[in-house]
Amino acid sequence: MIQRLFLTDSRLLEFDATVVARREHQGRPAVVLDRTAFYAESGGQPWDTGTLGEARVVAVVEDGGDVVHVLDRPMTGDRVKGRVDAGRRRDHVQQHHGQHLLSKAFVEVARAETIAFHLGTEVTTIDLDRPVTGDQAREAERRANEIVWEARPVRVETLSVAEARAQGLEPPDGVEAGVRVVEAAGFDRQPCGGTHPATTAEVGVVLLSALEKYKVGTRVSFVCGHRALDATARRRDVLDRLVSTLSAPLDELPAAAQKAKDDLATAERQSRGLLERALEGEARRLLDEARVEGAATRPAREGAPPALIVAAYDGWPPNDLRVLAQRLVALAPCVALLGSRADKAHLVFAQSEGLPHDVPALLKAAVEHLGGRGGGRGNLAQGGGDRLDLLDEALRRARDAVRARA
Ligand SMILES: [Zn+2]
């Protein structure tokens, strides 16, 4: 039976042991020792890392009562010195014991029981069996921290199954003898095989980071100890950048952000209004120009035929071309053949109601000339291609096609 040194002393990080078996675990060398300070992955808490002699311990897993140390290289010799990584152990102790305190605080505050626990690389979560409110969560957080600051001793004792049950402590599945009970003095007492601190003060601080609905209950994300410090530092960096970007002190950030958003919406509304007026003006200018040209080339006795507008712009987005085309065909009977040289060559063709041209076919021929695609229905079609250099020629060809039908 292997001696699990962390069960009696979570601070013991260096130890001597004897190799009792050598194995292979998922393609890597592995050893079983007579005693170990390495915690194997269990109960939502990840394994310890460290070294056995020259070899790195990359994983520690339970296997049928054995603790299997998975190594990055084969190990020679039967006597070995083990060293557990102190930083990772302390991190796990802080998150794990913080979880005990927080879970108990949720029982006190909201009668919410913890039904799942996950210690992640960034955030740790517990799942509660019922919904809790934001106020209850803040109260549980305050209560857990109170216990931390009282530096209560954490005691470990081993009870028989009968003794545990007599005290209302249900042994974990598979535990038939020697129920290990962890107690944060006078606050929380429960069966647990994990690594714990000597006093609650080592948890440092318990900081909730998120509360979300999960199944029938609530998932609570939190960080303890040094992770809380890191999380706070990250938030401070983000806030410092916002203070500088919005030129507002911390307390006024929400108001400043709201004002920036409102100002932007107002500016967008104004610019849309200005753009509409500009496009309306451009439409009237194009129609006037077409009328003057038409009058110069037309015998005076004929009635005014629909105007033919051909125009190309630099940098216009296709949406502006479309709005301009729609204004043109609404203002006077006309055919509008509009193009733009922007990220690529864009075309928008349109005609007023009742005119006889096949606008989608005209557009299709023109965009094919530009090496692109496009389409439309009825009196409006649009598209584009990569050949910016052929835009003028494509417009000329379309104009000639319209004139040939007129
Ligand atoms: Zn525990």
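For the structure, see preceding data.
Not measured: the values here are computed from a predicted model.

K.L.:
I tried to follow the nonpolar core on my own but got confused; where do I start?
P.N.:
For soluble globular proteins, the rule of thumb is that nonpolar side chains tend to be buried together. Core analysis: the largest hydrophobic core is formed by 24 residues, its most contacted members being Leu101, Leu102, Phe106, Ile126 and Val206. Elements supplying a minimum of two residues to this core: α1 (86–110), β9 (114–119), β10 (124–128), α2 (134–149), β14 (206–214) and β15 (217–224). Not counting chain neighbours up to four residues away, the residues in contact with Ile126 comprise Gln99, Leu102, Ser103, Phe106, Thr114, Ala116, Phe117, Thr218, Arg219, Val220 and Phe222. Residues Ala307, Leu324, Ala336 and Val348 belong to the second largest nonpolar core, which totals 20 residues.

K.L.:
Would you mind showing me how to read the sheet that holds strand β18 (residues 345–351) here?
P.N.:
Within a sheet, neighbouring strands are paired by backbone hydrogen bonds and run either parallel or antiparallel to one another. The sheet built from five strands is open, its strands ordered β16-β17-β18-β20-β19 with mixed pairing. The open sheet has two edge strands, β16 (307–314) and β19 (373–377), and neither has a second partner. Each strand axis lies, on average, 10 degrees off the axis of its neighbour in the sheet, ignoring direction. Where β16 lies against strand β17 (residues 334–341), eight bridges are found, and the strand directions are parallel. If you follow Tyr313 over to β17, its bridge partner there is Ser340. Against the sheet, helix α8 (residues 391–405) contacts β16, β17 and β18, and its axis sits at roughly 170 degrees relative to β17.

K.L.:
Would you mind going over the coordination of the zinc ion with me for this structure?
P.N.:
For a metal with four tetrahedral donors the ideal donor-metal-donor angle is 109.5 degrees, while six octahedral donors give ideal angles of 90 or 180 degrees. Distances from the zinc ion to its protein donors, His96 (NE2), His100 (NE2), Cys192 (SG) and His196 (NE2), fall at 1.9 to 2.1 Å. With four donor atoms in place around the zinc ion and angles of 97 to 122 degrees between them, the coordination shape is tetrahedral. Each donor residue of the zinc ion lies on one chain, and together they are spaced H-x3-H-x91-C-x3-H. With His96 and His100 both in helix α1 and four residues apart, the pair spans about one turn of that helix. A relative accessible area of 2% means that His100 is categorised as buried.

K.L.:
Would you mind showing me how to read the side chain of His96 here?
P.N.:
For His96, a relative accessible area of 4% corresponds to the buried category. Excluding residues that lie within four positions of it along the chain, His96 makes contacts with Gln45, Phe117, Leu119, Cys192, Gly194, Thr195 and His196.

K.L.:
Help me understand the state of the cysteines in this model?
P.N.:
The bond known as a disulfide is covalent and runs between the sulfur atoms of two cysteines. Summed over all chains, the structure comprises zero disulfides. In this structure Cys224 is not part of a disulfide, and its nearest cysteine sulfur, from Cys192, lies 14 Å away. Given a relative accessible area of 0%, Cys224 falls into the buried group.

K.L.:
Looking at this model, I keep getting lost on the packing of helix α7 (residues 359–369) against α8. Mind explaining?
P.N.:
The angle between the axes and the distance between the axes are what describe a pair of packed helices. Axis separation between α7 and α8 bottoms out at 9 Å; the angle between their running directions is 155 degrees. One finds that α7 runs roughly antiparallel with respect to α8. In this structure, α7 crosses over α8, and the sense of that crossing is right-handed. Residue-level contacts link Leu362, Ala366 and His369 of α7 to Glu393, Ala394, Arg397, Ala398, Ala401 and Val402 of α8.

K.L.:
What's the story with the pattern of salt bridges in this structure? I'm lost.
P.N.:
A side chain of one charge can pair with a side chain of the opposite charge when the charged atoms of the two come close. Enumeration over the complete set of coordinates arrives at 35 salt bridges. One salt bridge in this structure joins Arg285 and Glu282, with 2.9 Å as the shortest N-O distance. Residue Arg285 and its partner Glu282 are both found in helix α5 (residues 253–297); the two are separated by three residues, about one turn of the helix. Residue classification places Arg285 among the partly exposed residues on the basis of a relative accessible area of 41%. Accessibility expressed as a relative area gives 14% for Glu282, which makes it buried. Bridged by salt links that share partners, the residues Glu108, Glu139, Arg142, Arg143 and Glu146 form one connected network.

Parameters and conventions
- Residues numbered from 1 in each chain as written.
- Predicted model: local features only at pLDDT ≥ 70, side-chain atom pairs only at ≥ 80, totals over all residues.
- Heavy atoms only, no water.
- Core = buried A, V, L, I, M, F, W, Y, C linked by side-chain atoms within 4.5 Å.
- Buried < 20%, exposed > 50% of the residue type's maximum accessible area, 1.4 Å probe, protein only.
- Helix = DSSP H or I, 4+ residues; strand = E, 2+ residues; numbered from the N terminus.
- Contact = heavy atoms within 4.5 Å.
- Pairing = 2+ DSSP bridges.
- Axes fitted to C-alpha atoms, helices over the stretch in contact; angles between N-to-C directions.
- Donors = N, O, S within 2.8 Å, 3.2 Å for Na, K, Ca; no water.
- Tetrahedral: all angles 85-135°; square planar, octahedral: opposite > 155°, others 65-115°.
- Disulfide = S-S within 2.5 Å.
- Parallel < 35°, antiparallel > 145°, perpendicular 65-115°, else oblique.
- Left-handed = near helix turned anticlockwise from the far one by under 90°.
- Salt bridge = Lys/Arg side-chain N within 4 Å of Asp/Glu carboxyl O.

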